[in-house]
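The residues making up each chain are set out below.
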Amino acid sequence: MRRFFIAGNWKMNKAKDEACGLVEGILAGIEGCPHVDIAVCPPFTFLDTAAQKAVNTPLMIGAQNVYYRESGAYTGEISPPMLKSVGCGYVIIGHSERRIYFKETDSEINRKVHMCLKNGLIPILCVGETIGQKNDGRTFDVLNSQVIYGLEGIDDHLVRNIIIAYEPVWAIGTGVTASGDQVEEIHRFIRNTIREFACDEVSAGVRIIYGGSVNSGNAVDLLARDNVDGALVGGASLKAGPFCEIVKIAESLARTISIPG
Ligand code: PEP
């Protein structure tokens, strides 16, 4: 059974007092949602505080990026063991903003995935096509290559822990969302791509979540699909109310029986 995973990506937003308030608001708003895995991904500077507030609660903490080495002379970088030491469980890797603005390559992204797994962190591997690639009919080629390169060299038993976030670049922060039908087709394609190099059980168990202008108005249409296992939420995760509404929608749709992959 794949449990829903709802994660908030705060990006480069909030000051410390605001971040504390947001974690507290979310903790109050997610009570009574035992069938959903819930995480927030604050900026690095607030991870420690957020993790302390979340101790002994259902809220989990993720980072928005990581470096692919464990320590050393890499000024300005943050390593997987550092994230682990402050209570992080997840790391967003290969977000389109990092691929586009910081020129992250599939090879760097793959190294980050490996290093996170080695250090007991769960990667949230982001993949997604740009509007140009979509208009050129290249969506499936782009996704195939991002998934294959991103997961290259990873053993089956570790692939099952990874979360894939399908985030069409044209839907991020734009208010334009892919339709539930489009997302279901693409998630099925991603699962079949994983099936090419991992066994059936693993590909059926990997969680594939959707990100791109998710809000409480479109969450039902998206989360009701068989192959949509949750959401990565940007803008709507910056206030407790809208984020918790999405969590509650997931709880109301929660799967309590196994579904085919
Ligand atoms: C994101 O940046 O991961 C994201 C999905 O943003 P938004 O929800 O604002 O489109």
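For the structure itself, consult the block above.
Residues numbered from 1 in each chain as written. Predicted model: local features only at pLDDT ≥ 70, side-chain atom pairs only at ≥ 80, totals over all residues. Heavy atoms only, no water.

Peer 1: Explain the sheet that holds strand 1 (residues 4-9) to me, please; I cannot follow it from the model alone.
Peer 2: In a beta sheet, neighbouring strands pair by backbone hydrogen bonds and run either parallel or antiparallel. Here 8 strands make up a closed barrel; going around it, the order is 1-2-3-4-5-6-7-8 and the pairing parallel. Here the strands of the sheet are splayed against their neighbours by 25 degrees on average, with no regard to which way each runs. As judged from the 4 bridges shared by strand 1 and strand 8 (residues 230-233), these two strands associate in the parallel manner. Its bridge partner being in strand 8, Gly 8 is matched across the sheet by Val 233. (Pairing = 2+ DSSP bridges. Helix = DSSP H or I, 4+ residues; strand = E, 2+ residues; numbered from the N terminus. Axes fitted to C-alpha atoms, helices over the stretch in contact; angles between N-to-C directions.)

Peer 1: Teacher, can you tell me more about helix 5 (residues 106-118) here?
Peer 2: Within an α-helix, residues lying three or four positions from one another point in the same direction, as the helix has 3.6 residues per turn. Under the 1.5 Å per step criterion, the end-to-end length of helix 5 is 18 Å for 13 residues, consistent within 8% with the ideal 18 Å. Those residues of helix 5 that fall on the buried side of the exposure criterion are Ile 109, Asn 110, Lys 112, Val 113, Met 115, Cys 116 and Leu 117. (Expected span 1.5 Å × (residues − 1). Buried < 20%, exposed > 50% of the residue type's maximum accessible area, 1.4 Å probe, protein only.)

Peer 1: Sorry, what's going on with the environment of Gly 29 here?
Peer 2: Counting through the fold element by element, Gly 29 comes out in helix 1 (residues 16-29). Sequence separation of Gly 29 and Phe 46 is 17 residues, and the distance between their C-alpha atoms is 20 Å. Once you skip the residues sitting within four places of it in the chain, Gly 29 turns out to touch Cys 244 and Lys 248. (Contact = heavy atoms within 4.5 Å.)

Peer 1: Whenever I open this one, the packing of helix 5 against helix 7 (residues 139-150) confuses me. Can you help?
Peer 2: To describe two helices that pack against each other, one gives the angle between their axes and the distance between the axes. Direction vectors running N to C along helix 5 and helix 7 enclose 45 degrees, while the axes themselves pass 8 Å from each other. Overall, the two elements helix 5 and helix 7 adopt an arrangement that is oblique. Every residue of helix 7 that contacts helix 5 at Asp 106, Asn 110 and Val 113 is listed here: Ser 145, Gln 146, Tyr 149 and Gly 150. (Parallel < 35°, antiparallel > 145°, perpendicular 65-115°, else oblique.)

Peer 1: Explanation requested: the site of the ligand in the structure shown.
Peer 2: Around the ligand, the surrounding shell holds 14 residues, and the nearest of these are Lys 11, Glu 167, Gly 173, Ser 213 and Gly 234. One of the backbone nitrogen or oxygen atoms of Ser 213 is found 2.7 Å away from an oxygen atom of the ligand. For the ligand, whose accessible area on its own is 290 Å², the fraction buried by protein is 96%. Among the residues making up the shell around the ligand, the classes are represented as 4 nonpolar, 8 polar and 2 charged. (Near = heavy atom within 4 Å. Polar contact = N/O pair within 3.5 Å; in protein donor to acceptor, adjacent residues only side chain to side chain. Areas by Shrake-Rupley, 256 points an atom, 1.4 Å probe, with all protein chains shown as cover. Nonpolar A, V, L, I, M, F, W, Y, C, P; charged D, E, K, R; others polar.)

Peer 1: Looking at this structure, how should I read unusual backbone geometry?
Peer 2: A negative phi holds for most residues other than glycine; trans holds for most peptide bonds. Of note in this structure, Lys 11 is not a glycine but carries a positive phi near 55 degrees. For Lys 11, the position within the fold is in the loop between strand 1 and helix 1. Look at Lys 14: it is not a glycine, yet its phi comes out positive at around 85 degrees. Relative to the helices and strands, Lys 14 is located in the loop between strand 1 and helix 1.

Peer 1: How do you make sense of the pattern of salt bridges when you look at a structure like this?
Peer 2: Opposite charge on two side chains allows them to pair when their charged atoms are near. Enumeration over the complete set of coordinates arrives at 15 salt bridges. Note that Arg 207 and Asp 37 form a salt bridge whose closest N and O atoms lie 2.8 Å from each other. Linking Arg 207 in strand 7 (residues 207-211) with Asp 37 in strand 2 (residues 36-41), this pair joins segments that are 170 residues apart in sequence. Exposure class is identical for Arg 207 and Asp 37. Each is buried. (Salt bridge = Lys/Arg side-chain N within 4 Å of Asp/Glu carboxyl O.)

In short, shape yes, function no, at least from these values alone.
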